[in-house]
Amino acid sequence: MKVGEARAVAARWVAGHRVPGFAGAYVSGSVAWRPVGAELPATSDVDLMIMVSGEVPPKLGKFRHEGLLLEVSYAPLQPAEKVLASPALAPGLSRGVLVADPDGSLAALHAAVARDFARPYWVRARCAALEGRIEALTRFDISRPFAERVLSWVFPASLPTLVVLTAAGVNPTVRRRYVAAREILTRYGEAAFYEELLGWLGCAHLSAARVAAHLERLTDVYDRVPYDLARPYGSDLTPEARQISIDGTRELIEQGLHREAVWWIVVTFARCLTFAPHGTAALQELLDDLGVGTPATMRQMAGRVVAGLPRLRQVREALMSRREMDPASQTDAT
């Protein structure tokens, strides 16, 4: 399926979907950044953001429509200044792939966001929002239940990649964030810093065979998890979502990007464990490989990420400066 066709499918779903305060909808994520004639990878979904005035409904998550895997989220309709400061909202809305705009308010918001998206002030604001979430690791709570503790560490620990992508003005992708950060840092002469990012996750030394073995253990857990769509992460663990969580991860390993696959393996393992404990030993083995197998070592690793913030900010400024001089700076990162 072409990207243009995928966007059309998303628009048809939106045409039949309304919630109280519906203000419009736009395509977010990698599909908003790809050319309309490009092929949509089999391991991709289509992210839809529904803007609402008033109370924001719970996230719908992943489901299929006309054979296409959609992921639907909601966000409050906000002034341009709020959107521009949001690393979650600004990138997608800046692209202007609007699929519903009942009164034109979303088009006006897009125009304002697109105009100022690349301004250094707003780039730094979005980076600062991400860096604030990294700094929260100073309060890392080791008393949380096992799966929650892992998730509360691994997401902030991966956020330096999104600072890199945000500073470079490209799509802050989710599952492939390490792949995209590697491409950016290599392009701009900061490849050595990429190894630091992998070190903060604890996976710089892992072999392809070892990562593949962890994926096989995850696959067994994933295929047996008693997911519940009414609970957090439920739609991420369905057979429909398997093409992303399992097949997409295997694809990375086969491409020689095994270290880049590790963080999503950890995320998916921990999400599975929020539903059933039968993968606990397998996840524990992976955490041991990463050097975070105990609450104490996980807290130490979290501290390493926080300690790396000055270096991250230095790289951020270098990327922003070099991007201004790079005519290819708008190249997609998906």
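The paragraphs below set out a description of the structure included in this document. Just so it is clear, the model here is predicted, and its values are computed rather than measured. (Residues numbered from 1 in each chain as written. Predicted model: local features only at pLDDT ≥ 70, side-chain atom pairs only at ≥ 80, totals over all residues. Heavy atoms only, no water.)

Below, the discussion takes up the packing of aromatic side chains. Remark: the centre distance and the inter-plane angle together describe each pair of aromatic rings, the angle taken between the planes. In total, this model carries five aromatic pairs according to the counting rule given. Considering the side-chain rings of Trp13 and Phe63, the 5.3 Å spacing of their centres and the 50° angle between planes classify their relative orientation as tilted. Taken together, the residues Trp13 in helix H1 (residues 3-15) and Phe63 in strand E3 (residues 61-65) connect sequence positions 50 residues apart. For Phe63, a relative accessible area of 22% corresponds to the partly exposed category. With a centroid separation of 4.8 Å and 90° between ring planes, the pair formed by Tyr121 and Trp122 is classed as edge-to-face. Classification of Trp122 by relative accessible area gives buried; the value is 12%. Taken together, the ring pairs in this structure connect Phe155, Trp263 and Trp264 into an aromatic cluster. The ring of Phe22 carries Arg18 above its face, with NZ or CZ at 4.0 Å from the centroid. The side chain of Arg95 reaches across the aromatic face of Trp33, ending 4.1 Å from its centre. (Phe/Tyr/Trp six-rings, centres within 6.5 Å; stacked < 30°, edge-to-face > 60°. Helix = DSSP H or I, 4+ residues; strand = E, 2+ residues; numbered from the N terminus. Buried < 20%, exposed > 50% of the residue type's maximum accessible area, 1.4 Å probe, protein only. Lys NZ or Arg CZ within 6 Å of the ring centre and 35° of its normal.)

We now examine the environment of Ala38. Summarising the element assignment, Ala38 is placed in the loop between helix H2 (30-33) and strand E2 (46-52). Between the alpha carbons of Ala38 and Gly4 there is a distance of 7.9 Å; along the sequence they are 34 residues apart. Not counting residues within four places of it along the chain, the set of residues in contact with Ala38 comprises Met1, Lys2 and Val3. (Contact = heavy atoms within 4.5 Å.)

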